[in-house]
Amino acid sequence: ILWSFTRDDNSDVEYSFAAPLAIVDTDNDGFIDAAFGGDLKGNMWQFHFCKRSSAGTCGTANWTGTLLLDKLGGSDKFPLYNQPTVSIDGDNNLWIYWATGDKADPTGNGPRQYIYGLKPLLCNTSGTPSPCLRTGLLDITTDQLAYCSATSSKGWWIRLAGTSEQVLAEPVVFGNVLYV
């Protein structure tokens, strides 16, 4: 084991990661420098590693893990059992897409689930990562075209229509369209 990230590293780690992480070379330099993954509560996490340009001065002690999207309080769980999908838009922005659903109880009567699209940016202005909140993203549940004119937003979410409606497979991006 080269590196690990546990509750000892961040007290927000309360739930397991049931799906593989999406690993990304964000600057296309041939080195994996980021990973993204969700937990069984519905939080999305980001992990940052060394870039090729800092390989001589950067080691595992510099690797970090932080909460990217905080599911918010409450007892409802919005589990992520699938690997997030990562894509780059026409403006060269990195996007992460994921959807929630409970594979352990696919026909259950759980809470309404969500589909997300998020730019993995720092969510504050101080330069240190702090989690985005769902309330800081656009709700495009009733008007998916509303996001097209909202260029300053960090991302969006769609709440699925019915109780127990869930997404049980990972989203796919093809031709600038998200398929769920």
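Residues numbered from 1 in each chain as written. Predicted model: local features only at pLDDT ≥ 70, side-chain atom pairs only at ≥ 80, totals over all residues. Heavy atoms only, no water.

Enquirer: How would you sum up the overall build of the chain? Please name residues and give values.
Expert: Summing up its helical and strand segments, the chain has zero helices and 12 strands in all. Secondary structure elements of the chain, listed N to C terminal, follow the sequence β-β-β-β-β-β-β-β-β-β-β-β. Looking at the chain as a whole, 38% of its 180 residues are labelled buried. A separation of at least 24 residues holds for 54% of the contacts in the chain among residues at least 6 apart in sequence. Counting every atom, the chain has about 9900 Å² of accessible surface; 51% of that belongs to carbon and sulfur. (Helix = DSSP H or I, 4+ residues; strand = E, 2+ residues; numbered from the N terminus. Buried < 20%, exposed > 50% of the residue type's maximum accessible area, 1.4 Å probe, protein only. Contact = heavy atoms within 4.5 Å. Areas by Shrake-Rupley, 256 points an atom, 1.4 Å probe, with all protein chains shown as cover.)

Enquirer: Please give an account of the pattern of salt bridges that cites residues and values.
Expert: Per the stated rule, a full pass over the model turns up two salt bridges. Between Lys-51 and Asp-27 there is a salt bridge whose closest N-O contact spans 3.8 Å. Within this pair, whereas Lys-51 is found in the loop between strand 3 (44-48) and strand 4 (64-70), its partner Asp-27 is found in the loop between strand 1 (22-24) and strand 2 (34-38), the two being separated by 24 residues in sequence. Residue class for Asp-27 comes out partly exposed when judged on its relative accessible area of 35%. Of the charged contacts in the structure, one is a salt bridge between Asp-33 and Lys-51, with a shortest N-O distance of 3.8 Å. Of the two residues, Asp-33 is situated in the loop between strand 1 and strand 2 and Lys-51 in the loop between strand 3 and strand 4; the sequence distance between them amounts to 18 residues. Taking relative accessible area as the criterion, Lys-51 reaches 32% and is therefore assigned partly exposed. (Salt bridge = Lys/Arg side-chain N within 4 Å of Asp/Glu carboxyl O.)

Enquirer: Report on the state of the cysteines, specifying residues and quantitative values.
Expert: Following the criterion strictly, the structure yields one disulfide and no others. Covalent S-S linkage joins Cys-50 and Cys-58, the inter-sulfur distance amounting to 2.0 Å. Residues Cys-50 and Cys-58 are joined by a disulfide whose S-S torsion is about -80°; by sign, that bridge is left-handed. (Disulfide = S-S within 2.5 Å.)

Enquirer: Provide a residue-level description of a nonpolar patch on the surface, including the pertinent values.
Expert: Taken together, the side chains of Val-172, Phe-174, Val-177 and Tyr-179 make up a nonpolar region of the molecular surface, amounting to roughly 410 Å² of accessible area. Listing elements by their share of the nonpolar patch, those giving two or more residues are strand 11 (172-174) and strand 12 (177-179). Structurally, Tyr-179 can be placed in strand 12. Residue Tyr-179 is classed as partly exposed on the basis of its relative accessible area, which comes to 45%. (Patch = residues over 30% accessible without salt bridge, like charges linked within 9 Å, V, L, I, M, F, W, Y side chains within 5 Å.)

Enquirer: Please give an account of the pairing of strand 7 (residues 114-118) that cites residues and values.
Expert: A large share of strand 7 lies buried, amounting to five of its five residues. In strand 7, alternate side chains face the same way, and those of Tyr-114, Tyr-116 and Leu-118 on one face and Ile-115 and Gly-117 on the other are all buried. As defined by bridge partners, strand 7 adjoins strand 10 (residues 155-159) across five bridges and the pair is classed as antiparallel. Bridge assignment links Leu-118 to a residue of strand 10, and that residue is Gly-155. (Pairing = 2+ DSSP bridges.)

Enquirer: Explain the nonpolar core residue by residue, including any values.
Expert: Membership of the largest hydrophobic core comes to 17 residues, with the highest contact counts inside it found for Phe-36, Met-44, Leu-69, Trp-98, Tyr-116 and Leu-118. For this core, the secondary structure elements donating two or more residues are strand 2, strand 4, strand 6 (94-99) and strand 7. When near neighbours in sequence (up to four residues on either side) are disregarded, Phe-36 contacts Leu-21, Ala-22, Val-24, Met-44, Trp-45, Gln-46, Leu-68, Pro-84, Val-86, Leu-94, Ile-96 and Pro-120. With nine residues, the next largest nonpolar core counts Tyr-97, Ile-115, Ile-158 and Leu-160 among its residues. (Core = buried A, V, L, I, M, F, W, Y, C linked by side-chain atoms within 4.5 Å.)

Enquirer: Quick one: what's the story with the confidence of the model for the chain, residue by residue and with numbers?
Expert: Mean pLDDT over the chain stands at 84; residues scoring 70 or higher make up 88%. Predicted confidence in the chain is weakest over strand 8 (residues 132-133), with a mean pLDDT of 80, and strongest over strand 1, with 95. (pLDDT = per-residue confidence, 0-100.)

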